[in-house]
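# Tertiary structure, described
Below, each chain spelled out in residue letters.
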Amino acid sequence: TSSQSPSQSFAFIQRSQQLKRSAWLTPAQHRLSSGLPMNIGVLFVPQQEAWVVERMGKFHRILEPGLNFLIPLLDRIRYVQSLKEIVINVPEQSAVTLDNVTLQIDGVLYLRVMDPYKASYGVEDPEYAVTQLAQTTMRSELGKLSLDRVFRERESLNANIVDAINQASDCWGIRCLRYEIKDIHVPPRVKESMQMQVEAERRKRATVLESEGTRESAINVAEGQKQAQILASEAEKAEQINKAAGREANAMLVRARAKAEAIQLLAAALAQQHGSAAASLSVAEQYVSAFSKLAKDSNTLLLPANTGDVTNMVAQALGIYTTLTKPQAAKTPDEVPPAREDPQPPAAELLKAEQASSS
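The rules behind these values
Numbers given for residues are sequential positions, taken from 1 along each chain in its written order. This being a predicted model, a pLDDT of at least 70 is required before a residue's local features are given, and a value of 80 or more before pairs of side-chain atoms are given or counted; all residues contribute to the totals for chains, interfaces and linings. Values reported for side chains reflect all heavy atoms of the structure, with hydrogen atoms and water molecules removed beforehand. Where helices and strands are cited, they refer to DSSP runs of H or I of at least four residues and of E of at least two residues respectively, numbered from the N terminus. Each residue is placed in one exposure class: buried if its accessible area under a 1.4 Å probe, protein chains only, is under 20% of its type's maximum, exposed if it is over 50%, and partly exposed if it falls in between. It only takes one pair of heavy atoms within 4.5 Å for two residues to be counted as in contact. Note on areas: Shrake-Rupley with a 1.4 Å probe; residue coverage comes only from the protein chains shown. Criterion used throughout: strands pair if DSSP finds at least two bridges between them. Whenever a helix is involved, its axis is fitted only over the stretch in contact; in every case the axis is a line through C-alpha atoms, and angles between N-to-C directions fall within 0 to 180 degrees. By the definition adopted for this analysis, an angle is roughly parallel if under 35 degrees, roughly antiparallel if over 145, roughly perpendicular if from 65 to 115, and oblique otherwise. The crossing is said to be left-handed when, going from far helix to near helix, the turn is anticlockwise and less than a right angle, and right-handed when the turn is clockwise. Gly is placed with the polar residues, together with every amino acid not listed as nonpolar (Ala, Val, Leu, Ile, Met, Phe, Trp, Tyr, Cys and Pro) or charged (Asp, Glu, Lys and Arg). Only Phe, Tyr and Trp rings take part, Trp by its six-membered ring, and two of them pair if their centres are within 6.5 Å. Stacked means planes under 30 degrees apart, edge-to-face means over 60, and tilted covers everything else. Residues grouped as a nonpolar core are buried Ala, Val, Leu, Ile, Met, Phe, Trp, Tyr and Cys residues, joined through side-chain atoms within 4.5 Å. For patch detection, residues must exceed 30% relative accessible area and be free of salt bridges, and they are connected within 9 Å for like charges or within 5 Å for nonpolar side chains (Val, Leu, Ile, Met, Phe, Trp, Tyr). For this analysis, a salt bridge means a side-chain nitrogen from Lys or Arg found within 4 Å of a carboxyl oxygen belonging to Asp or Glu.

### Side note on the overall build of the protein chain
The helix and strand tally for the protein chain stands at 10 helices and 8 strands. Going through the 359 residues of the protein chain one by one, you find that 26% of them count as buried. Sequence separation of at least 24 residues holds for 65% of the intrachain contacts in the protein chain that already meet a minimum separation of 6. Surface accessibility of the protein chain: about 25,300 Å² in total, with carbon and sulfur atoms responsible for 56%.

### Thoughts on the environment of Cys171
Of note, Cys171 is situated in the loop between α5 (154–169) and β8 (174–185). Each C-alpha atom of the pair Cys171 and Val123 lies 8.7 Å from the other, and the pair is 48 residues apart in sequence. Apart from the residues within four sequence positions on either side, Cys171 is in contact with Lys118 and Gly122.

### A closer look at the sheet that holds strand β3 (residues 58–63)
One open sheet accounts for 3 strands, arranged β3-β2-β5; its pairing is antiparallel. What marks the edges here is a single partner per strand, and that holds for β3 and β5 (75–82). Taking each pair of neighbouring strands and ignoring which way they run, the sheet shows an average axis angle of 25°. Where strand β2 (residues 49–55) and β5 come together, 7 bridges link them in antiparallel fashion. Along β5, the bridge assignment pairs Arg55 with Asp75.

### Examining the packing of helix α3 (residues 126–142) against α5
Relative orientation of the contacting elements α3 and α5 amounts to 135°, with a least axis distance of 9 Å. With respect to α5, the axis of α3 lies oblique. When the axes of α3 and α5 are compared, the crossing they make is right-handed. Each of Val130, Leu133, Ala134, Thr137, Met138, Glu141 and Leu142 in α3 lies in contact with α5, whose residues at this interface are Leu157, Asn160, Ile161, Ala164, Ile165 and Ala168. Its residues assigned to classes, the contact of α3 with α5 shows 10 nonpolar, 2 polar and 1 charged.

### With respect to the packing of aromatic side chains
Per the stated rule, a full pass over the model turns up 4 aromatic pairs. Relative to Tyr121, the ring of Phe59 has its centre 6.0 Å away and its plane inclined at 80°; by these criteria the two rings are edge-to-face. Here Tyr121 lies in helix α2 (residues 116–121) and Phe59 lies in strand β3, a separation of 62 residues in the sequence. Its relative accessible area of 31% is what places Phe59 among the partly exposed residues. Summarising the aromatic geometry, the rings of Tyr117 and Tyr121 are spaced 5.1 Å apart at their centres and angled 45° between planes, so their arrangement reads as tilted. Note that Tyr117 and Tyr121 are positioned in helix α2 at a spacing of 4 residues, about one turn of the helix. Residue classification places Tyr117 among the partly exposed residues on the basis of a relative accessible area of 39%.

### As for the nonpolar core
Judged by nonpolar contacts, the single largest core of 29 residues is most densely connected at Leu109, Met138, Ile165 and Tyr179. Contributions of two or more residues to this core are made by β6 (85–96), β7 (102–113), α3, α4 (147–152), α5 and β8. No other element matches α3, which puts 6 residues into this core. What Tyr179 contacts, discounting residues up to four positions off in sequence, is Val90, Asp106, Gly107, Val108, Leu109, Ala134, Met138, Asn158, Ile161 and Val162. Leu43, Val53, Leu63 and Ile77 belong to the second largest nonpolar core, which has 8 residues in total.

### What to know about a nonpolar patch on the surface
The grouping of Val42, Phe44, Leu67 and Phe69 at the surface amounts to a nonpolar patch, some 370 Å² of accessible area in total. Contributions of two or more residues to the nonpolar patch are made by β1 (42–45) and β4 (66–69). By the element assignment, Phe69 lies in strand β4.

### Considering the pattern of salt bridges
According to the stated counting rule, one finds 7 salt bridges in the structure shown. Between Glu85 and Arg178 there is a salt bridge; the shortest N-O distance is 3.2 Å. Here Glu85, found in strand β6, pairs with Arg178, found in strand β8; they are 93 residues apart in sequence, far enough to count as distant. A relative accessible area of 36% places Arg178 in the partly exposed class.

### A look at the sheet that holds β8
Here we have 3 strands laid out as an open sheet, ordered β6-β7-β8, and antiparallel in their pairing. Edge positions in the open sheet fall to β6 and β8, since each of these has one partner strand only. Between one strand axis and the next, the sheet turns through 25° on average, direction left out of account. In this structure, β7 lies alongside β8, joined through 10 bridges in antiparallel fashion. Opposite Asp106, over in β8, you have Asp183 as the bridge partner. Against the sheet, α3 makes contact with β6, β7 and β8, and its axis sits at roughly 40° relative to β6, the strand it touches most.

This is how it looks when you write it as structure tokens:
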């Protein structure tokens, strides 16, 4: 290498870098077998890359980006690690859910090399190891969930897979940034059942909404009728109050005044000569009129023993009237005059004459 010119050395360095980049663009299973940059003493490491150098078969150091010097023949570039974020497609795999439904699922894994030394000596093929770990973790996490929860808890499922990968890949110097599920393939019969379930759920929602609409309509109608009845009763109450305060009040006053005048006239008439006879005649007429209306509304009657004795009944009524109208002056027993038989009042004679004429 000491006999090469500077231009040849620079061309060799460029060629080695191109080989290294093409090695990272190849699949994971062919990277370790790809060519590595040769040690020519002066090396230029690109940004976001780490070259692991061994001296006489033992780890020596990690070359940083930029200009680096090595000892030819003694130092050897053993691994080239990219510090960029790497995207890996997780192959499609089959997994069984908690309710025994087989799903075909694939995903995308985003990871980054955090420690080039552990990534070089901790595992043989870091990308293959992380891919297998992602598949096994996915199967175990899907086995804990039912089919409906798989679609609802997709984000939590991704987070659980990332945590499980980071716990296992810590000793490999690799950190998983995120995991995303791309496609979930459901068996055709299960897919048809899910569609039928969705249609049934939509019909149920439509029926519930329709019943709720009917219920709300009935409630609104009932509330309207209630308010209408309340307003009508309030209006009727106000009308009755207005009537009572207006025409009926005046009518009651007029009737009261007329009754008072009639009582005054009756009292004046009774105070005149033969007023008691006229009162007896009026009571007898009312008694005969009331007796003629008996047994018209009901067949059950309670009558005194002397119902037909009109004279006795009128005499009792007049006796009650005389007792109520005579003065309530307190008298001693000595002052009370001896009882005597009063002649029959002329009213009784008039009643007997009237009965004889009618018979």
